[in-house]
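Below are the chains, spelled out letter by letter.
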Amino acid sequence: MEASTNVRYILADNRNSRFLAWLRYFLAQDLKQINNWAQALSNYPDNETEVHWEGTQRRRLVWAQREKYVKRLEQEFENIGVNRGDEIWPNSITRRFEAIGESISYRTAYARMSSQTHADAEDTISYFSFKALGDEQLLTQMSLETLAFSEYLVHYGAHFYLEALARYSVVFADSTAEKIRKESAFIITQVETIGNEWGW
């Protein structure tokens, strides 16, 4: 969903400037990671740091080439008058969801996807609670609901992807946008069906 949100955010307004802001943001975050990696070496024995130090230097070389390429892109965009230059990429995914009118999706589907991906404690707490109660029926119910919710999230993610694809088609005058939106609407009916079956 985050990739689809990024595409929709870029296409929503000043797409060339936002695209360049996205590239600059990546470079800034990548350099920060490289510097943090190098700084962490001070906590390691000398006999373990050499290979990591060489790794950081290779990453810096790659970073420098990427920065050079992005600067060239910026200049080319400026030459044709499509780079505002002052565009800042929102470092919070929340702001990107808000900018495309999807705040509720962020607070619901995206938050739950993130929770599942990062193995938050919700399901573990439920499992321990039901196990302590000795209620096998509730444990079975929880297992089935977990599977249904996984299906629900896959459908919702596909819907978000298709919405981004439809927006792309509209922006670049592709004739497939209407067909894509029909497919997206069909997926939403599947999402609603699963939600209704489980009372979500």
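Residues numbered from 1 in each chain as written. Predicted model: local features only at pLDDT ≥ 70, side-chain atom pairs only at ≥ 80, totals over all residues. Heavy atoms only, no water.

A separate point is the overall build of the chain. Helix and strand content of the chain: eight helices and zero strands. Helices and strands appear in the chain in the N-to-C order α-α-α-α-α-α-α-α. Seen through its principal axes, the chain has C-alpha atoms that stretch 60 × 60 × 20 Å. Residue burial in the chain is summarised as follows: out of 200 residues, 32% are buried. In the chain, once contacts between residues fewer than 6 apart in sequence are set aside, the share between residues at least 24 apart is 68%. Working note: accessible area of the chain is about 13,000 Å², and carbon and sulfur atoms make up 54% of it. Separation between the mean location of the 22 positive side-chain charges and that of the 28 negative ones in the chain comes to 8 Å. (Helix = DSSP H or I, 4+ residues; strand = E, 2+ residues; numbered from the N terminus. Buried < 20%, exposed > 50% of the residue type's maximum accessible area, 1.4 Å probe, protein only. Contact = heavy atoms within 4.5 Å. Areas by Shrake-Rupley, 256 points an atom, 1.4 Å probe, with all protein chains shown as cover. Lys, Arg positive; Asp, Glu negative; His and termini not counted. Charge placed at Lys NZ, Arg CZ, Asp CG, Glu CD.)

What follows is about the side chain of Glu 163. The residue Glu 163 is located in helix α7 (residues 136-171) in this model. By relative accessible area, Glu 163 is classed as buried at 16%. Not counting residues within four places of it along the chain, the set of residues in contact with Glu 163 comprises Arg 8, Arg 181 and Ser 184.

The terminal C-alpha atoms of helix α6 (residues 122-133) lie 17 Å apart, and with 12 residues this matches the ideal 16 Å at 1.5 Å per residue to within 8%. Positive backbone phi, at 70 degrees, marks Gly 134, one or two positions downstream of α6. (Expected span 1.5 Å × (residues − 1).)

Rolling a probe over the atoms, with the probe sized like a water molecule, indicates the empty space that remains. Looking at the largest pocket, its volume works out to about 520 Å³. Around the largest pocket, the lining is made up of 25 residues, and of these Arg 112, Glu 122, Glu 145, Phe 149 and Trp 200 lie nearest the centre. Those elements that provide at least two residues to the lining of the largest pocket are α5 (103-117), α6, α7 and α8 (177-198). Of the residues forming the lining of the largest pocket, the biggest block, eight residues, is contributed by α7. (1 Å grid on protein atoms, 1.4 Å probe; cavity = no way out; pocket = protein on both sides within 12 Å on 5 of 7 lines; lining within 4 Å. Points joined across faces, edges and corners; volume = space filled by probe spheres on them.)

Here the focus is the nonpolar core. Met 1, Phe 97, Tyr 110, Tyr 152 and Tyr 156 are the most contacted members of the largest nonpolar core, which has 19 residues in total. Of all elements in the fold, only α4 (93-99), α5, α7 and α8 reach the threshold of two or more residues within this core. Of the residues forming this core, the biggest block, eight residues, is contributed by α7. Look past the residues within four positions of Tyr 156 in its chain and what remains in contact with it is Met 1, Ser 105, Ala 109, Met 113 and Val 191. Leu 20, Ile 34, Trp 63 and Phe 77 belong to the second-largest nonpolar core, a separate cluster that totals eight residues. (Core = buried A, V, L, I, M, F, W, Y, C linked by side-chain atoms within 4.5 Å.)

What follows is about the packing of helix α1 (residues 2-12) against α7. Relative orientation of the contacting elements α1 and α7 amounts to 25 degrees, with a least axis distance of 8 Å. Classified by the angle their axes make, α1 and α7 are roughly parallel. Crossing hand, α1 versus α7: left-handed. Contacts between α1 and α7 pair Ser 4, Thr 5, Val 7, Arg 8, Leu 11 and Ala 12 from the former with Phe 160, Tyr 161, Glu 163, Ala 164, Arg 167, Tyr 168 and Val 171 from the latter. Class assignment for the residues of the contact of α1 with α7 results in eight nonpolar, two polar and three charged. (Axes fitted to C-alpha atoms, helices over the stretch in contact; angles between N-to-C directions. Parallel < 35°, antiparallel > 145°, perpendicular 65-115°, else oblique. Left-handed = near helix turned anticlockwise from the far one by under 90°. Nonpolar A, V, L, I, M, F, W, Y, C, P; charged D, E, K, R; others polar.)

Let's shift gears to the pattern of salt bridges. In total, this model carries 10 salt bridges according to the counting rule given. A salt bridge links Arg 18 to Glu 87; the nearest nitrogen and oxygen atoms lie 3.8 Å apart. With Arg 18 in helix α2 (residues 15-40) and Glu 87 in the loop between α3 (46-79) and α4, this residue pair connects regions lying 69 residues apart in the sequence. By relative accessible area, Glu 87 is classed as buried at 9%. Salt bridges linked by common partners bring Asp 30, Arg 59 and Arg 66 together as one network. (Salt bridge = Lys/Arg side-chain N within 4 Å of Asp/Glu carboxyl O.)

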